Amino acid sequence: MGIGMRVARWLSVAVVCAGSLLAMLPAGAAVASAKGCTGRNGPGAVNSTCITVQGSGLHVDSVEVAMNSTSPGGPVQLCEVGADLTGTLADHQPFHRHGQSRCSKVGHAYVEFPVNLDLAPQSLLCATTTFEGRTASPACEKIEP
């Protein structure tokens, strides 16, 4: 059997296995993610605040709040970026988390927030970053069932 036939056979087995695994997942068990970014001031030529949400439906597992910064010469070092996460819980109480990033030499300073909570439908989950005393406009994701 030539290499082409072995690759084709391997791919067909992989597709069948993947399909079988997906069929075993209960309905609604898929984990979804959403990411949004907004421009901001900063040390680089291009700077942004981003929110990346992991969860399913109204349940949020975790959120990454990040500041990204690049210049024509490459990524910019970012240290002590403040990160705030705000939203509304399912019982309509306000939700807030605060953290501070470690230094990043690759232009991506972030804080990972474990959340593991249900949020209110149609509410906004928003992230802001603060760098050198300046807070950016929020990057937000809408929570939908």
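Remember, it's a predicted structure, so these values are computed and weren't measured experimentally.

### Side note on the overall build of the protein
- Of regular secondary structure, the protein possesses one helix and 10 strands.
- Along the protein, helices (α) and strands (β) appear in the sequence α-β-β-β-β-β-β-β-β-β-β when read from the amino end.
- A burial count over the protein gives 36% of its 145 residues as buried.
- Long-range pairs, those at least 24 residues apart, make up 56% of the contacts in the protein between residues at least 6 apart in sequence.

### A look at the environment of Lys142
- Mapped onto the secondary structure, Lys142 falls in strand β10 (residues 139-142).
- Owing to a relative accessible area of 45%, Lys142 belongs among the partly exposed residues under this scheme.
- Residues Lys142 and Gly87, 55 residues apart in the sequence, show an inter-C-alpha distance of 9.7 Å.
- Apart from residues no more than four positions distant in its own chain, Lys142 is found in contact with Gln122, Ser123 and Leu124.
- A distance of 3.4 Å separates polar atoms of two side chains, one belonging to Lys142 and the other to Gln122.

### Overview of the environment of Val115
- Tracing the backbone through its elements, the reader meets Val115 in strand β7 (residues 108-118).
- Taking relative accessible area as the criterion, Val115 reaches 7% and is therefore assigned buried.
- Expressed as a C-alpha distance, the spacing of Val115 and Gln54, which sit 61 residues apart in the sequence, is 9.4 Å.
- If we ignore the near neighbours within four places in the chain, the residues touching Val115 are Val60, Asp61, Ser62, Val63, Leu85, Phe95 and Arg97.

### Re the pairing of strand β5 (residues 82-88)
- Across the seven residues that make up β5, a large majority, five, are buried.
- Strand direction decides the pairing type here: β5 and strand β6 (residues 94-100), joined by seven bridges, are antiparallel. Paired with Thr88 across the bridge in β6 is Pro94.

### A look at the pattern of salt bridges
- As enumerated under the stated definition, the model contains one salt bridge in all.
- For Arg134, the salt bridge is made with Glu132, and the minimal N-O distance between the two is 3.9 Å.
- With relative accessibility at 61%, the residue Glu132 sits in the exposed group.

### Considerations on the state of the cysteines
- Applying the stated criterion across every chain, the model contains three disulfides.
- For Cys37, the disulfide goes to Cys50, at an S-S distance of 2.0 Å. Looking down the S-S bond of the Cys37 and Cys50 bridge, the torsion is 110 degrees, so its handedness is right-handed. With Cys37 in strand β1 (residues 32-39) and Cys50 in strand β2 (residues 46-56), the pair connects residues that are 13 residues apart, well separated along the chain.
- Through a disulfide, Cys79 is tied to Cys103; the S-S separation comes to 2.1 Å. Because the torsion about its S-S bond is 125 degrees, the bridge between Cys79 and Cys103 counts as right-handed. Of this pair, Cys79 sits in the loop between β4 (74-75) and β5 while Cys103 is found in the loop between β6 and β7, placing the two residues 24 residues apart along the sequence.
- Given a relative accessible area of 53%, Cys103 falls into the exposed group.
- For the protein, the bonded cysteines pair up as 1-2, 3-4, 5-6 when numbered in the order they occur along the sequence.

The rules behind the values
- Residues numbered from 1 in each chain as written.
- Predicted model: local features only at pLDDT ≥ 70, side-chain atom pairs only at ≥ 80, totals over all residues.
- Heavy atoms only, no water.
- Helix = DSSP H or I, 4+ residues; strand = E, 2+ residues; numbered from the N terminus.
- Buried < 20%, exposed > 50% of the residue type's maximum accessible area, 1.4 Å probe, protein only.
- Contact = heavy atoms within 4.5 Å.
- Polar contact = N/O pair within 3.5 Å; in protein donor to acceptor, adjacent residues only side chain to side chain.
- Pairing = 2+ DSSP bridges.
- Salt bridge = Lys/Arg side-chain N within 4 Å of Asp/Glu carboxyl O.
- Disulfide = S-S within 2.5 Å.

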